[in-house]
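# Residue-level structure breakdown
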Amino acid sequence: MSREQAIAESASSKDALERIWESFRRWGYLQANLDPLGDIEPAPMPELDVSGPEAEAARRVYCSSIGAEFMHIPDRERRIWVQERMESEAAEPDRARILDLLIRADIFEQVLQTRYLGTKRYSLEGESALIPLLDSILSAAAEQGAEKAMLAMSHRGRLNVMVHTVGRAAADVFARFEDVDPRSTLGSGDVKYHLGATGTFHAANGQEVGIHLVSNPSHLEAVDPVVIGRTRAKQMRRGENGRRLVVPIMMHGDAAFAGQGICAETLNMAGVEGFAVGGSVHIIVNNLIGFTTAPKDGGSSRYSSDLAKRLPIPIFHVNAEDPDAVVRVGRMALDYRYEFGTPVFVDLIGYRRHGHSEVDDPTITQPVRYRKIEAHSPMWQIYAETTGADPEPIVQRVREELDAAQKEAQEIEKSPPMRRLPRYWGAFQGGRYDASFEVETAVAADSLTNVGEALVRYPDGFHIHAKVKKLLEQRLEMARGKRAIDFGMAEALAFGSLLKQGVPVRLTGQDSRRGTFNQRHSALIDIETEEEYVPLAGLAQDSAFCEIYNSPLSEAAVLGFEYGFSRDYPEALVLWEAQFGDFANGAQIIIDQFIAASEDKWNLLSGIVLLLPHGYEGQGPEHSSARIERFLQLAARDNIQICQPSTAAQYFHLLRRQALRKWRKPLVVFTPKSMLRNPAASSRLTDLTSGRFQNVIPDLGDGSAGRVLLCTGKIGHELAAERKRHQENPPAIIFVEQMYPFPEAELAAEMDRHANAREFVWVQEEPGNMGAHEFVIPELERLARGRAVLSVNRSASASAATGSHKAHEMEQKTLLALAFGK
Ligand SMILES: Cc1ncc(C[n+]2csc(CCOP(=O)(O)OP(=O)(O)O)c2C)c(N)n1
């Protein structure tokens, strides 16, 4: 053979070997040994039907206890990073620590089981490797310089994680099983496996990471965006290095991750500038069952994690019964997050030793699998056997420790708080409303003009759009008191004046930078270069910032994110805007479970603002109503504020009031559409430089009207316009600007002022089964002191509005006629 031939042959055999490795890198995970019970069959892969020493070497790397999915990542550098980590020798694990953690995890569950038989605890057994996995991830995070990890997880293994990862005393958890303090939570509070917990993780080398396990509702995965939003806020507090210092670790159930859309929405935000956190570490605690549902009924693809492949990120499947592999994967995942700043997934495949909860019998639905499970030794026993360790002394010691903790718990009289609020909450409070919370919201005229002038300036050479230029010219006139102020300008002045006072402002929503109705223009766009300029940002003083972002087309995840952000930035004005209020029900879980109820369940406050465009303008059933009735139904014990400002000045004062009061309560604002530019809804500069938000706008007349119309929002302006055509006995019109907390005193005073009134008429655009009607009528009847209370509305309807513009106009006309008693 010639030298050339030899070279060519060796090159082609090198190519062939490389092709073998490539096949295993690409497809090996489909034949990896991932399932401790062997229920996941290897997928037939002709590409892997190869033999020889090289194939065996590649098979050992890619088809053992770790199945790495990474060849779908387009960036070669990232693929090579994973490949090198997979193909290099694993570091020697700390087997004594792993065994200790596995034993602790299982014995903790067993003690709960024997002591509190029949109580739900959602055991981790069968997935106990989660505890060493978290240990490995957090130890690696400590080495990378993390000082805080934000943890999200649902019910499964949560109590175990609280003790063994978050570092809460076992006695504190047992105390909750003893239910030592039921009176403190009558009618409120939450079950123990939803509570948040703050603590410290201690790595083997003595390093520490602060941990916060975030409170969450039963609604699986709803907490995901909340944790990401909280992480972003905590990162921003820490400045430039924030993304290194705070890392989110999210745990998911396999059925929930495959099934819940909010997972997709949350992942989709990972690389979007306004929402990015430099990557999150995800663990699917994959027991191959969801309650009684097998994976084949829980999704359409092979792995629960397949959704994650929509992003160019790695997914590491790992057999939970190979704890050495588990801790190796944990470190790899964490390091990847720090190297590339993207999410990364660990799919921890194990089983569920008991039923869904411990009162549930799984042998009814999965008899064969559960026979296997019953015959299967606990993880720690298998690990002790394979590593040749003697587990008994550890088991004995852990039992003794937990027995002592349980005795201690019986002595506890009051459940100790599991979490601490950060110091920045010190200046704020919740609870019932008190008039002492009120603050000055007016801004001196010269200061407001300064803000206004700054808002219309842009850099030299900036090519402004002709329409925007005109708008800015108009805004300059508004700022100088030469033109009435509209809603868009009122909002900009509220934001600008707050920023100047050092209050951070963050607003996101679909198309919010420009504004759905072309009303905001928070970012000016150069028509030559598309470069963006945000005049508001230049106004921020001290540590304030102005973030106004367009969001992905999601309601649940984006609102969840902003709610989370507001939880860790109480001093900021944090707003989420729906494109139309109608779409906010896509975020109903976040509204019901977090925004309305978090103070009641967890004593956790938020000052989040929801901007919900609302109003009947003939745009059809899904562009009319933000569902005032739903928010009013959620209102109790001053948990939220529900307002509909009818003028630009009212909107200005409302936003400033929300930011400047120390009372932190979610604020739902029904915002205008056509009213944005309606002269009747615009205000004078002097309305912003004096006064404050009026919960009720009284009628301007002398109180002699015989008929008094009460309303909220746009219809009030239509009533006022109609009244101009009624010279004789015109009715009075009262605007209810805050519907909750109900402004009883103000409204009573105004109704009493109308001593001649024979009837009070609530007028609303919404059908009778919607709007404020059902909430407001009993209140008005109380305040009317025996005088008649009537109501005018569209007839009850299954959908919010008609699809016909003409029908809408006829209905609106009828409403006005009825309101005027015709
Ligand atoms: C959004 C939502 N739908 C339904 C339920 C009821 N539910 C509670 S746990 C559960 C099964 C969860 O399975 P999985 O995600 O695999 O977690 P596992 O319990 O197996 O750890 C279901 C359906 C719920 N809590 N939340």
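Residues numbered from 1 in each chain as written. Predicted model: local features only at pLDDT ≥ 70, side-chain atom pairs only at ≥ 80, totals over all residues. Heavy atoms only, no water.

As a further point, take the site of the ligand. Neighbouring the ligand are 15 residues, the closest being His155, Arg156, Ser218, Asp254 and Ala256. A distance of 3.0 Å separates an oxygen atom of the ligand from a polar atom in the side chain of asparagine 287. Isoleucine 289 has a polar backbone atom sitting 3.0 Å from an oxygen atom of the ligand. Protein contacts shield 75% of the accessible area of the ligand, which totals 580 Å² for the unbound molecule. When residues in the shell around the ligand are grouped by element, the largest group, 3 residues, is from helix α10 (residues 254–259). Taken together, the residues of the shell around the ligand break down into 5 nonpolar, 8 polar and 2 charged. (Near = heavy atom within 4 Å. Polar contact = N/O pair within 3.5 Å; in protein donor to acceptor, adjacent residues only side chain to side chain. Areas by Shrake-Rupley, 256 points an atom, 1.4 Å probe, with all protein chains shown as cover. Helix = DSSP H or I, 4+ residues; strand = E, 2+ residues; numbered from the N terminus. Nonpolar A, V, L, I, M, F, W, Y, C, P; charged D, E, K, R; others polar.)

Turning to the pattern of salt bridges, a few remarks are in order. This model, assessed by the stated rule, comprises 50 salt bridges. Residue glutamate 577 is joined to arginine 520 by a salt bridge in which the shortest nitrogen-to-oxygen separation is 2.8 Å. One end of the pair, glutamate 577, is in strand β13 (residues 573–577); the other, arginine 520, is in the loop between β9 (505–509) and β10 (524–525), with 57 residues separating them in the sequence. Each member of the pair glutamate 577 and arginine 520 is classed as buried. A salt bridge links glutamate 779 to arginine 782; the nearest nitrogen and oxygen atoms lie 2.4 Å apart. Placement of both glutamate 779 and arginine 782 in helix α28 (residues 773–783) is noted, with a separation of 3 residues, approximately one turn of the helix. The class for arginine 782 is partly exposed, based on a relative accessible area of 47%. Each of the salt bridges in this network shares a partner with another, and the network as a whole consists of Glu18, Glu22, Arg25 and Glu87. (Salt bridge = Lys/Arg side-chain N within 4 Å of Asp/Glu carboxyl O. Buried < 20%, exposed > 50% of the residue type's maximum accessible area, 1.4 Å probe, protein only.)

Looking now at the pairing of strand β14 (residues 609–613). The buried count for β14 comes to 5 of 5 residues, which makes it a mostly enclosed element. Side chains of β14 alternate between two faces, with Val609, Leu611 and Pro613 and Leu610 and Leu612 buried alike. Relative to β14, β13 is paired through 3 bridges, and the arrangement is parallel. Opposite leucine 575, over in β14, you have valine 609 as the bridge partner. Here β14 runs beside strand β16 (residues 667–671); their pairing, made up of 5 bridges, is parallel. Each bridged residue has a counterpart across the sheet, and for leucine 611 the counterpart in β16 is valine 669. (Pairing = 2+ DSSP bridges.)

Okay, the side chain of glutamate 750 next. Along the polypeptide, glutamate 750 turns up in helix α27 (residues 744–753). A distance of 2.9 Å separates the side chain of glutamate 750 from the side chain of arginine 753, its partner in a polar contact. Glutamate 750 has contacts with Pro698, Asp699 and Ile734, leaving out every residue within four places of it along the chain. (Contact = heavy atoms within 4.5 Å.)

With 15 residues, helix α8 (residues 223–237) should reach 21 Å at 1.5 Å per residue; the first-to-last C-alpha distance of 21 Å fits that figure. Within α8, 13 of the 15 residues are buried, which leaves the element mostly enclosed by the surrounding structure. (Expected span 1.5 Å × (residues − 1).)

Okay, the packing of aromatic side chains next. Under the defined criterion, the tally for this structure stands at 28 aromatic pairs. Ring geometry for phenylalanine 437 against tryptophan 663: centres 5.7 Å apart, planes inclined by 20°, an arrangement best described as stacked. With phenylalanine 437 in the loop between α16 (392–411) and α17 (445–455) and tryptophan 663 in the loop between α24 (648–660) and β16, this pair connects stretches of sequence that are 226 residues apart. One exposure class covers both phenylalanine 437 and tryptophan 663, and it is buried. Considering the side-chain rings of phenylalanine 545 and tyrosine 569, the 5.1 Å spacing of their centres and the 80° angle between planes classify their relative orientation as edge-to-face. (Phe/Tyr/Trp six-rings, centres within 6.5 Å; stacked < 30°, edge-to-face > 60°.)

Tracing the sequence through the fold places alanine 222 in the loop between β4 (208–213) and α8. Each residue touching alanine 222, except ones within four places of it in the same chain, is listed here: Pro217, Ile262, Ile589, Ile590 and Phe594.

How two helices sit against one another is set out by the angle between their axes and by the gap between those axes. The geometry of helix α18 (residues 466–479) relative to helix α19 (residues 487–500) is characterised by a closest axis approach of 11 Å and an angle of 65° between their N-to-C directions. Regarding the angle of α18 to α19, the classification is roughly perpendicular. Both α18 and α19 take part in a crossing whose hand is right-handed. Between α18, through Arg475, Met478 and Ala479, and α19, the contact on the second element is made entirely by Gly488, Met489 and Ala492. (Axes fitted to C-alpha atoms, helices over the stretch in contact; angles between N-to-C directions. Parallel < 35°, antiparallel > 145°, perpendicular 65-115°, else oblique. Left-handed = near helix turned anticlockwise from the far one by under 90°.)

Take the sheet that holds strand β22 (residues 788–794) next. Spatial ordering of the open sheet is given by β17-β19-β18-β21-β22, a layout of 5 strands whose pairing is mixed. Since the sheet does not close on itself, it has two edges, and those belong to β17 (696–697) and β22, each with one partner. The pairing of strand β18 (residues 707–711) with strand β21 (residues 759–767) spans 4 bridges and is parallel. Residue pairing in the sheet places arginine 707 in a bridge with glutamate 759 of β21. Sitting on the sheet, α28 is in contact with β18, β21 and β22, with an inclination near 165° to β22.

This part is about the environment of aspartate 224. By the element assignment, aspartate 224 lies in helix α8. Owing to a relative accessible area of 3%, aspartate 224 belongs among the buried residues under this scheme. Remark: the alpha-carbon pair of aspartate 224 and tyrosine 122, spanning 102 residues in sequence, is separated by 20 Å. Setting aside residues no more than four positions away along its own chain, aspartate 224 makes contact with Met250, His252, Cys263 and Thr266.

Okay, the nonpolar core next. Counting residues in hydrophobic clusters, the biggest one holds 180 residues, and the most contacted among them are Leu130, Phe174, Ile283, Leu612, Ile642 and Leu747. Those residues in contact with leucine 130 that sit more than four places away from it in its chain are Leu124, Met153, Val161, Met251, Ile283, Val285 and Leu348. One finds Val443, Leu499, Cys643 and Ala681 within the second-largest nonpolar core, a separate group that totals 47 residues. (Core = buried A, V, L, I, M, F, W, Y, C linked by side-chain atoms within 4.5 Å.)

Attention now goes to the sheet that holds strand β6 (residues 281–286). The pairing of strands in a sheet comes from backbone hydrogen bonds and takes either a parallel or an antiparallel form. The strand order across the open sheet built from 8 strands is β1-β7-β8-β6-β5-β2-β4-β3, with neighbouring strands paired in mixed fashion. Looking at strand neighbours, the two that pair on one side only are β1 (66–69) and β3 (197–202), the edges of this open sheet. Strand-to-strand twist in this sheet, taken as the mean axis angle between neighbours without regard to direction, amounts to 20°. Summarising the sheet, strand β2 (residues 148–152) and β4 pair through 4 bridges and their orientation is parallel. Paired with alanine 149 across the two strands is isoleucine 211, which belongs to β4.

Moving on, we get to the side chain of lysine 601. Mapped onto the elements, lysine 601 comes out in helix α22 (residues 598–602). Buried and unpaired, lysine 601 has no salt bridge, with aspartate 190 as the nearest side chain of opposite charge at 4.6 Å. Residue contacts for lysine 601: discarding those within four places in its chain leaves Gly189, Asp190, Pro217 and Gln593. (Lys, Arg positive; Asp, Glu negative; His and termini not counted.)

This part is about α27. Buried residues of α27: Leu747, Ala748, Glu750 and Met751, and no others. The buried residues of α27 occupy one face: seen down the axis, they fall within an arc of 165°. On its buried side, α27 packs onto β17, β18, β19 (732–736), β21 and α28. (Arc of directions from axis to C-beta.)

Here leucine 790 is to be found in strand β22. Looking at leucine 790, the relative accessible area reads 36%, which means it is partly exposed. For the pair leucine 790 and aspartate 347, spaced 443 residues apart in the sequence, the C-alpha separation amounts to 60 Å. Contact partners of leucine 790, with chain neighbours within four places excluded, come to Glu759, Phe760, Val761, Trp762 and Ile777.

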